[in-house]
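# Remarks on the overall topology
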Amino acid sequence: MGVRDRGDFYQGGVVFYIFESGDTGYVAGEKHGLIAAIEDQSSGIRWHNGSYVTTGATGIAVYTGSANTDAIIAAQGATETDYAAGVARAYTGGGFTDWFLPSKDELNQMYTNKATINTTASANGGSNFSTNFYWSSTEDDSYEAWSQNFANGDQFNLPKSFYITIVRAVRAF
C-alpha cells in the first residue's frame with residue numbers, strides 16, 4: 001500500500017511513529033514504524049493479574065513494547081481480560097493479532113502525537129484519548145510500572161494494582 005506517514009490510517013490503526021536511523025526496527029530504504037489502535041482497549045484495568053512479581057519487562061525504548069508484553073504474559077499468565085498486557089495482546093483491530101502494550105518511550109511518542117492520532121482515529125470510527133493515565137509495558141519493579149498522564153504528559157511509576165489506568169494497544173509495521 002505504499003509509503004505511510006504519521007497520521008495515516010493503516011493496518012487497523014494510526015501511524016504515529018516512523019523508525020529513524022539508530023532505532024531498532026529501522027531498515028535503510030524502507031519505511032517502518034508504529035501504529036496506535038483507534039480506540040482504548042479498556043477504560044481502566046490493573047497492570048498485573050493480581051500477583052506482584054518481577055516480569056522482566058524492562059525495555060524502555062521504542063521497539064521494546066512487544067518483547068515487554070511477551071515477558072509480562074509469560075509471567076502473569078494467559079487470562080487476557082485480567083490485566084493490561086493481556087488486553088492489549090487480545091486486541092484484533094484491523095484483523096491483526098500482534099498488538100502489544102507500548103513501552104515507556106512508545107507511550108510517550110503516542111502522547112506527543114495524540115492530536116494527530118485523535119483526528120485520524122475519530123475519522124475512522126475510533127475515539128480520542130482520555131485525559132487520564134495510560135499504562136506502558138515498562139516495569140519498574142515487582143510493585144510498580146510506568147504510566148503516562150495524557151492530560152499533561154507526565155510519566156509516573158504507579159502501583160501495578162492501580163485499576164483506573166487505561167490501555168491503548170500498538171503494533172509495528
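For the structure, check the block above.
Residues numbered from 1 in each chain as written. Predicted model: local features only at pLDDT ≥ 70, side-chain atom pairs only at ≥ 80, totals over all residues. Heavy atoms only, no water.

## Re the sheet that holds strand E5 (residues 144–149)
The following threshold applies: Two strands form a pair only when DSSP identifies at least two bridges running between them. Labels follow the DSSP assignment, with helices taken as runs of H or I lasting at least four residues and strands as runs of E lasting at least two, numbered in each case from the N terminus. Axis geometry follows a simple rule: fit a line to the C-alpha atoms, using only the stretch in contact for helices, then measure angles between N-to-C directions, giving values from 0 to 180 degrees. When checking whether two residues touch, look at their non-hydrogen atoms; a contact exists if any pair is within 4.5 Å.
Strand order in the open sheet formed by three strands is E4-E5-E6, with antiparallel pairing between adjacent strands. The open sheet terminates on both sides in strands that have one partner only, identified here as strand E4 (133–139) and strand E6 (155–159). Ignoring strand direction, the axes of neighbouring strands in this sheet form an average angle of 40°. Each of E4, E5 and E6 touches helix H3 (residues 104–112); the most contacted strand, E5, lies at about 10° to it.

## A short note on the pattern of salt bridges
We apply this condition: Just to be clear on terms, a salt bridge is a Lys or Arg side-chain nitrogen sitting within 4 Å of an Asp or Glu carboxyl oxygen. Note on classification: 1.4 Å probe, protein chains only; a residue is buried when its accessible area is under 20% of the maximum for its type, exposed when over 50%, partly exposed between these limits.
Applying the stated criterion across every chain, the model contains six salt bridges. A salt bridge links Arg89 to Asp70; the nearest nitrogen and oxygen atoms lie 2.7 Å apart. Taken as a pair, Arg89 in helix H2 (residues 84–90) and Asp70 in helix H1 (residues 65–76) lie far apart in primary sequence, 19 residues in all. Judged by relative accessible area, Arg89 falls into the partly exposed class, the value being 21%.

## A word on the pairing of strand E2 (residues 13–18)
Most of E2 is tucked away, with six of its six residues classed as buried. Direction of pairing for strand E1 (residues 9–10) relative to E2: antiparallel, over a ladder of two bridges. Within E2, the residue paired with Phe9 across the bridge is Val14. Hairpin connection of E1 to E2: two residues between the antiparallel strands, including Gln11 at a positive phi of 50°. Relative to strand E3 (residues 33–37), E2 runs antiparallel, the two sharing five bridges. Paired with Val14 across the two strands is Ala36, which belongs to E3.

## Notes on the packing of aromatic side chains
Inclusion rule: Aromatic pairing here means that ring centres of Phe, Tyr or Trp (its six-membered ring) are within 6.5 Å. Orientation follows from the plane angle: under 30 degrees is stacked, over 60 is edge-to-face, and everything else is tilted. Put simply, a charge is over a ring when the Lys NZ or the Arg CZ is close to the ring centre, within 6 Å, and near the line of the ring normal, within 35 degrees.
Within this structure, the stated rule accounts for 10 aromatic pairs. Each ring, one from Phe19 and one from Tyr63, has its centre 5.3 Å from the other, and the planes form 80°; the classification is edge-to-face. With a gap of 44 residues between them, Phe19 in the loop between E2 and E3 and Tyr63 in the loop between E3 and H1 connect regions that are remote in the sequence. Phe19 gets classed as buried once you look at its relative accessible area, which sits at 6%. Clustering of aromatic rings is evident, with ring pairs tying together Tyr111, Phe129, Tyr134 and Phe150. Sitting above the plane of the Phe96 ring, Arg171 keeps its charged end 3.8 Å from the centroid.

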